[in-house]
Amino acid sequence: MTAHPHIIRNIPRGKVPVEQGHSMRDWSQRTYEKVSEQKKTHTPSYRSNRLSIEEVRQHNTPEDLWIVIHNVVYDCTEFVRYHPGGKKLLYACGGREATAVYDAFHPWINCETMMEGYAVGVVDNKL
């Protein structure tokens, strides 16, 4: 099942309070540090890691949360604490293709930059 905006609309939207030290500014710093470390250690690009649909679907719990946006698989496990819209929205998309939801609610945000260090692979087929 694909996560569509009309499904997600049943979850109340709006900014939710986040813990101290978990703002989007904090996330930006965390991402910068992770990407810097990956560059230092010459971590291979996520683009070379092809993932099956079945593998992505297995990562749908709060402790292990992968989401597909524009065919790129992101590990959002740590990001849920920083997401201004709350955890429920991300949990609803766990282990799924969420491009339609992402584009509907975040057309101005570049996911590739915001989640750069957390991309784990690419899927070729729609979930």
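This structure is a prediction, so every number in the text was calculated from the model and none was measured.

Cut-offs and rules
- Residues numbered from 1 in each chain as written.
- Predicted model: local features only at pLDDT ≥ 70, side-chain atom pairs only at ≥ 80, totals over all residues.
- Heavy atoms only, no water.
- Salt bridge = Lys/Arg side-chain N within 4 Å of Asp/Glu carboxyl O.
- Helix = DSSP H or I, 4+ residues; strand = E, 2+ residues; numbered from the N terminus.
- Buried < 20%, exposed > 50% of the residue type's maximum accessible area, 1.4 Å probe, protein only.
- Core = buried A, V, L, I, M, F, W, Y, C linked by side-chain atoms within 4.5 Å.
- pLDDT = per-residue confidence, 0-100.
- Expected span 1.5 Å × (residues − 1).
- Arc of directions from axis to C-beta.
- Contact = heavy atoms within 4.5 Å.
- Phe/Tyr/Trp six-rings, centres within 6.5 Å; stacked < 30°, edge-to-face > 60°.
- Pairing = 2+ DSSP bridges.

### Regarding the pattern of salt bridges
Under the counting rule described, the total for this entry stands at 2 salt bridges. Here R30 makes a salt bridge to E78, at a shortest N to O gap of 2.2 Å. Separated by 48 residues along the polypeptide, R30 in helix 2 (residues 24-40) and E78 in the loop between strand 3 (72-75) and helix 4 (87-93) bring together distant segments of the chain. Residue classification places R30 among the partly exposed residues on the basis of a relative accessible area of 28%. Here E112 ties to R47 by a salt bridge, and the two come within 3.2 Å at their closest N and O atoms.

### A look at the nonpolar core
Ranked by size, the top nonpolar core spans 23 residues in total, and within it W27, I67, Y74, C76, F79 and M115 carry the most contacts. When residues of this core are traced back to their parent elements, those giving at least two are strand 2 (64-69), strand 3, helix 4, helix 5 (99-105), helix 6 (111-114) and strand 5 (119-122). The next biggest cluster of nonpolar side chains, apart from the first, holds 6 residues, and it includes V56, W66, V68 and V73.

### Focus: the confidence of the model for the protein
With 86% of its residues at a pLDDT of 70 or more, the protein has an overall mean of 87. Per-element mean pLDDT across the protein ranges from 61 in helix 1 (residues 5-8) up to 97 in strand 3.

### Observations concerning helix 2
End to end, helix 2 covers 24 Å across 17 residues, agreeing with the expected 24 Å (1.5 Å per residue, within 8%). Here helix 2 has its buried residues at W27, T31 and V35. When helix 2 is viewed along its axis, its buried side chains cluster within an angular range of 70 degrees and face the same direction. When the buried face of helix 2 is taken as reference, the exposed residues oriented beyond 90 degrees from it are R25, Y32 and K40. Against helix 6 lie the buried residues of helix 2. Positioned one or two residues after helix 2, H42 has a phi angle of 55 degrees, which is positive.

### Considerations on the packing of aromatic side chains
The full count for this structure, using the stated rule, is 3 aromatic pairs. Aromatic rings pair up to connect W27, F79, Y82 and Y118 into one cluster.

### Observations regarding unusual backbone geometry
Of note in this structure, H42 is not a glycine but carries a positive phi near 55 degrees. Of note, H42 is situated in the loop between helix 2 and helix 3 (53-57). Using a relative accessible area of 68% as the deciding quantity, one classes H42 as exposed. Although it is not a glycine, H70 adopts a positive phi angle of roughly 55 degrees.

### Describing the pairing of strand 3
Pairing of strand 2 with strand 3 involves 4 bridges; the strand directions are antiparallel. Bridged to I67 within strand 3 is Y74. Adjacent in sequence and paired antiparallel, strand 2 and strand 3 are bridged by 2 residues, among which H70 carries a positive phi angle near 55 degrees. Inspection of the sheet shows strand 3 paired to strand 5 by 3 bridges, in the antiparallel sense. Across the sheet, Y74 pairs through a bridge with A119, a residue of strand 5.

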